[in-house]
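The primary structure of each chain is shown beneath.
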Amino acid sequence: MLPLSLTRYLHLPFPYPNRVPMTQAPPKPPSPSLEREASFQLLFHEHPLPMWVVDAESLAFLVVNEVAVAKYGYSLAEFLAMKMDDLAEPEELLPTAAVPATAGAGASAAWRHTAKDGSVLHVESTWHEIVFAGRDAVLVLSIDRTAQRHAEEQNREQAKLLNLASDAIIVRDLDQRLIFWNQGATRLYGWTSEEVCGGRTLDFFVREKLQIMEAEVELLRKGVWTGQLTHRSKEGREVIVNSRWTLVRDEYGAPQSVLVIDTDITETKKLESQFLRAQRLESIGTLASGIAHDLNNILSPILMATNILRRTVTGAEEEKVIKIIEGSAERGAGIVKQVLTFARGAEGERVLLQPKHLISELAKIMAQTFPRNIDIQTNLPTDLWTVLGDATQLHQILLNLCVNARDAMSDAGTITISAENVDIDAHFASMNPGAQLGSHVALRVADTGSGMTPETMEKIFDPFFTTKEVGKGTGLGLATVIGIVKSHGGFLTLQSVVGVGTTFSVFIPASRDAEVAKKEDEAAVANGNGELILVVDDEAPIREALVGTLTAHGYRAYTAEDGTDALALYFQRRGEISVVLTDLSMGQMDGIALVRALRKIDPAVRVIVSSGHFQKENVTVLQGLGVEVMLEKPYTADKLRRAIRKVLETKNPAVPAGK
Ligand code: ADP
Ligand code: MG
């Protein structure tokens, strides 16, 4: 056993994590016999490592070898006046209770020594009990680990720096197992170093396994590989990276591991593809206008020729053929015009025109060309305002909307084209972002077709967005519509419900005489007189806008978020509430259910139902329930006030019994 005074050097934890057992066998305790004395002396003094013999009790140096003198800077004389303790850093001289079981012959421990010049040496010492000159002594041998220590510190520093890097820095072995994963990798891919180190890279985030295998081959051949990879993050997000791989070799040149640096380029890629699309659009525009120009030159003689033929041909059969040729050539010319509008942006001639004529003309064409099972309805007021516009382009808007409506109805259905004078006021504008104040003519195309999901609605105005099969859709229809509408200074609103249908409303500024407009407005409706209106709508902004408008015009308002809410309120305040203004589609108890329930409580209740999309069946049901006014959304304050006055000023109609 080591004397107790020595064990305090042995408690220190070995700071090298991957500590290996000392390979070089410690010198065997020399025999104290005299014959061996000489060889011991030789071994001791010529040994390449610093060595001392110290007194087992006092730790005073008894013998010091030459290397120790050279390494520590103390002269032999100085050493012999010192003790082992004088070399050690003071804080390492802690008393200990736990002496490693190995403490005995060949026990080793790590500690810090201070040389004479004050420099610190990290050493690993081995201790051997010996008998020296007849007394208990210890042979101490120390291996300098300072360089190794510094290298490790440097590694730790580097790892810290690597964590600061925004790139994902990953080291893996040749079996794809991860060895190092910096915080950049965690930020990019979501997994922490603890989660992935030791796991296999191929298993969890690589998507293009084949590409990875090819890359691997190249890496082994050339030592480096760079390329673009698409990975999947922990949350399932697609991450596109520029990946640089470097083969790391061991000191003998054998491949050992792979250093991977991934730079996130997901955003750049997205921008790039947007840019490419814009460029493609531009070139398609140029190309299209070139082709359109050529086609015009081809179609013009055909059209002229039919004119000439018509004068000479008399037979009914031939007349029919000419009509077909003429019709087709005109259609071709129409398409060419559409392409030109899209390619150049709308720059047509503006004239004062009456949209009513456009609509009736279009309805006629549709009735002839659309499938029989599609019913076409028009709804046109007699006093429709005029607009300043390009007739061909406005025609094109309606045609595109109607063709889309037709395509949305696979079996049967109804397309309703209507027009209306609308004075856009602040109330309307607040509910429809993009709306401009002033007099407009609204052109509406409503269908009872498939409707659209909100996701589809977001994209429909993008050029080339189509959900139709190749050959059926170009994805240019609505992009053209929006272009024309904007060039006319107008805007567009859209309501769509999946499985119910879609309504597009195009608002074109009306060219009303300002004087006339003012007079018409003055003939406006009377304000309210404190009547209480119960506003029922599940959208808070709409409720707020309605309350604002109503109170500004002399009404008071209560609000409810849905049918159940409204019913409870009506029950409490039925004596006070003059009119219930409710939305048709709401999550909790819709408009129809609400009206039905209200009638039960109070058969004389006055109701206005509003909706962005009235279906025929709904209208029938609502009429059956005695609803007098159905207000199409979006509506202006003026329209709302007229609706309220109408309800307030007419006598309560007899409610059909049994409903
Ligand atoms: P295209 O008709 O060539 O597909 P559009 O720009 O006219 O291109 O329309 C784009 C997409 O918008 C259509 O593919 C369709 O998905 C959707 N869409 C347009 N109008 C309607 C509608 N009335 N009902 C349902 N979906 C529609
Ligand atoms: Mg279309």
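Criteria and thresholds
Residues numbered from 1 in each chain as written. Chains lettered and ligands numbered in written order. Predicted model: local features only at pLDDT ≥ 70, side-chain atom pairs only at ≥ 80, totals over all residues. Heavy atoms only, no water. Helix = DSSP H or I, 4+ residues; strand = E, 2+ residues; numbered from the N terminus. Expected span 1.5 Å × (residues − 1). Buried < 20%, exposed > 50% of the residue type's maximum accessible area, 1.4 Å probe, protein only. Arc of directions from axis to C-beta. Contact = heavy atoms within 4.5 Å. Patch = residues over 30% accessible without salt bridge, like charges linked within 9 Å, V, L, I, M, F, W, Y side chains within 5 Å. Areas by Shrake-Rupley, 256 points an atom, 1.4 Å probe, with all protein chains shown as cover. Salt bridge = Lys/Arg side-chain N within 4 Å of Asp/Glu carboxyl O. Lys, Arg positive; Asp, Glu negative; His and termini not counted. Charge placed at Lys NZ, Arg CZ, Asp CG, Glu CD. Near = heavy atom within 4 Å. Polar contact = N/O pair within 3.5 Å; in protein donor to acceptor, adjacent residues only side chain to side chain. Nonpolar A, V, L, I, M, F, W, Y, C, P; charged D, E, K, R; others polar. Axes fitted to C-alpha atoms, helices over the stretch in contact; angles between N-to-C directions. Parallel < 35°, antiparallel > 145°, perpendicular 65-115°, else oblique. Left-handed = near helix turned anticlockwise from the far one by under 90°. Phe/Tyr/Trp six-rings, centres within 6.5 Å; stacked < 30°, edge-to-face > 60°. Lys NZ or Arg CZ within 6 Å of the ring centre and 35° of its normal. 1 Å grid on protein atoms, 1.4 Å probe; cavity = no way out; pocket = protein on both sides within 12 Å on 5 of 7 lines; lining within 4 Å. Points joined across faces, edges and corners; volume = space filled by probe spheres on them. Domains from an automatic or database assignment. Core = buried A, V, L, I, M, F, W, Y, C linked by side-chain atoms within 4.5 Å. Pairing = 2+ DSSP bridges. Right-handed = clockwise from strand over helix to strand, strands pointing away.

A. Region of the structure containing helix α5 (residues 146-164). A rise of 1.5 Å per residue sets the reference length of α5, with its 19 residues, at 27 Å; its end C-alpha atoms lie 27 Å apart and thus fit the reference within 8%. Thr 146, Arg 149, Glu 152 and Asn 163 are the residues of α5 that are buried. With its buried residues spanning 130 degrees around the axis, α5 presents them on a single face. Summarising the geometry of α5, the exposed residues directed more than 90 degrees from the buried face are Ala 147, Leu 161 and Leu 164. Looking at the packing, one finds that the buried side of α5 touches β4 (120-132), β5 (135-144) and α6 (183-189).

B. Representation of a negative patch on the surface in the model. On the surface, Asp 538, Glu 539, Glu 561 and Asp 565 cluster together into a patch of negative charge. By secondary structure assignment, the location of Glu 539 is in the loop between β18 (532-536) and α18 (540-552). Classification of Glu 539 as partly exposed rests on a relative accessible area of 43%.

C. Representation of the site of ligand 1. Near ligand 1 there are 19 residues, and of these Thr 466, Thr 467, Lys 468, Thr 474 and Gly 475 occur at the shortest range. In this structure, an oxygen atom belonging to ligand 1 sits 2.5 Å away from a side-chain N or O atom of Thr 466. Contact with the protein chains covers 94% of the free accessible surface of ligand 1, which is 530 Å². At the level of secondary structure, the elements contributing two or more residues to the shell around ligand 1 comprise α13 (391-407), α16 (477-487) and β17 (501-509). Of the residues assigned to the shell around ligand 1, the class counts are seven nonpolar, ten polar and two charged.

D. Structural view of the packing of helix α19 (residues 563-573) against helix α20 (residues 591-601). Between α19 and α20, whose axes approach to 10 Å, the crossing angle comes to 20 degrees. Taken as axis vectors, α19 and α20 run roughly parallel relative to one another. The interaxial crossing formed by α19 with α20 has right-handed handedness. Between α19 and α20, the contacting residues are Gly 563, Ala 566, Leu 567, Tyr 570 and Phe 571 on the first element and Leu 594, Ala 597, Leu 598 and Ile 601 on the second. Classifying every residue of the contact of α19 with α20 gives eight nonpolar, one polar and no charged.

E. Inspection of the packing of aromatic side chains at higher detail. What the rule picks out here adds up to ten aromatic pairs. Between Phe 428 and Phe 507, the ring centres sit 5.5 Å apart and the planes meet at 70 degrees, which makes this aromatic pair edge-to-face. With a gap of 79 residues between them, Phe 428 in helix α14 (residues 426-431) and Phe 507 in strand β17 connect regions that are remote in the sequence. Across this residue pair, the class does not change: Phe 428 and Phe 507 are buried. In this structure an aromatic cluster arises from ring pairing among Trp 52, Phe 61, Tyr 72, Tyr 74 and Phe 79. Note that Arg 172 overlies the ring of Trp 245, its terminal NZ or CZ placed 4.8 Å from the centroid. Sitting above the plane of the Phe 370 ring, Arg 406 keeps its charged end 5.1 Å from the centroid.

F. Representation of the layout of surface pockets within the structure. What the second largest pocket holds in volume is close to 880 Å³. Lining the second largest pocket are 33 residues, with Leu 494, Gln 495, Glu 539, Gly 612 and Lys 633 sitting closest to its centre. Taken together, the elements giving at least two residues each to the lining of the second largest pocket come down to α14, β16 (491-497) and α18. Counting residues per element, the lining of the second largest pocket draws most heavily on β16, which supplies seven residues. Counted by class, the lining of the second largest pocket contains 17 nonpolar, eleven polar and five charged residues. When residues of the lining of the second largest pocket are assigned to domains, at least three fall in each of domain 3 (349-523) and domain 4 (526-648).

G. Region of the structure containing the nonpolar core. In this structure, Ile 397, Leu 401, Ile 415, Ile 417, Val 445 and Val 506 are the most contacted members of the largest nonpolar core, which totals 34 residues. Put simply, the parts of the chain that give this core at least two residues each are α12 (355-369), α13, β14 (413-424), β15 (438-447), α16 and β17. Ranked by residue count, the leading element in this core is α13, at six residues. If we skip the residues at most four places from it in the chain, Val 445 touches Leu 398, Leu 401, Cys 402, Ala 405, Ile 415, Thr 416, Ile 417, Thr 502, Thr 503 and Phe 504.

H. Looking closely at the sheet that holds strand β7 (residues 178-181). Strand order in the open sheet formed by five strands is β7-β6-β10-β9-β8, with antiparallel pairing between adjacent strands. Pairing within the sheet leaves two strands with one partner each, and these edge strands are β7 and β8 (224-232). Recorded for the sheet is a direction-independent mean angle of 25 degrees between the axes of neighbouring strands. Inspection of the sheet shows strand β6 (residues 168-173) paired to strand β10 (residues 255-264) by six bridges, in the antiparallel sense. Pairing of Ala 168 across the sheet is with Asp 262, part of β10. In the packing of helix α9 (residues 209-222) onto the sheet, the strands contacted are β6, β8, β9 (238-249) and β10, and the crossing angle to β8 comes to about 160 degrees.

I. Expanded view of the environment of Ile 508. Turning to its location among the elements, Ile 508 is positioned in strand β17. When its relative accessible area of 1% is taken as the criterion, Ile 508 is described as buried. On a C-alpha basis, the gap between Ile 508 and Thr 386 in space is 9.6 Å, while along the polypeptide they are 122 residues apart.

J. How the structure looks around α18. Relative to the 18 Å expected for 13 residues at 1.5 Å per residue, α18 spans 18 Å between its end C-alpha atoms, a close match to the ideal helical length. Of all the residues in α18, the buried ones are Ile 542, Arg 543, Ala 545, Leu 546, Thr 549 and Leu 550. Angular distribution of buried residues about the axis of α18 spans 165 degrees; they occupy a single face of the element. Seen from the buried face of α18, the exposed residues on the opposite side, beyond 90 degrees, are Pro 541, Glu 544 and Ala 552.

K. Focus on the sheet that holds strand β12 (residues 374-379). If you walk across this open sheet you meet the five strands as β12-β14-β15-β17-β16, and the pairing is mixed. In this open sheet, the two edge strands, each paired with only one partner strand, are β12 and β16. Averaged over all pairs of adjacent strands, the angle between strand axes in this sheet comes to 15 degrees, irrespective of strand direction. The sheet contact formed by β15 and β17 spans eight bridges and is antiparallel. The partner of Ala 446 across the bridge, within β17, is Thr 503. Each of β12, β14, β15 and β17 touches α13; the most contacted strand, β15, lies at about 30 degrees to it.

L. Structural detail: the pairing of strand β19 (residues 556-560). Alignment of β18 against β19, held across five bridges, turns out to be parallel. Residue Ile 533 lies in a different strand from β19, and its bridge partner there is Ala 557. For the handedness criterion, the β-α-β arrangement of β18, α18 and β19 is classed as right-handed.

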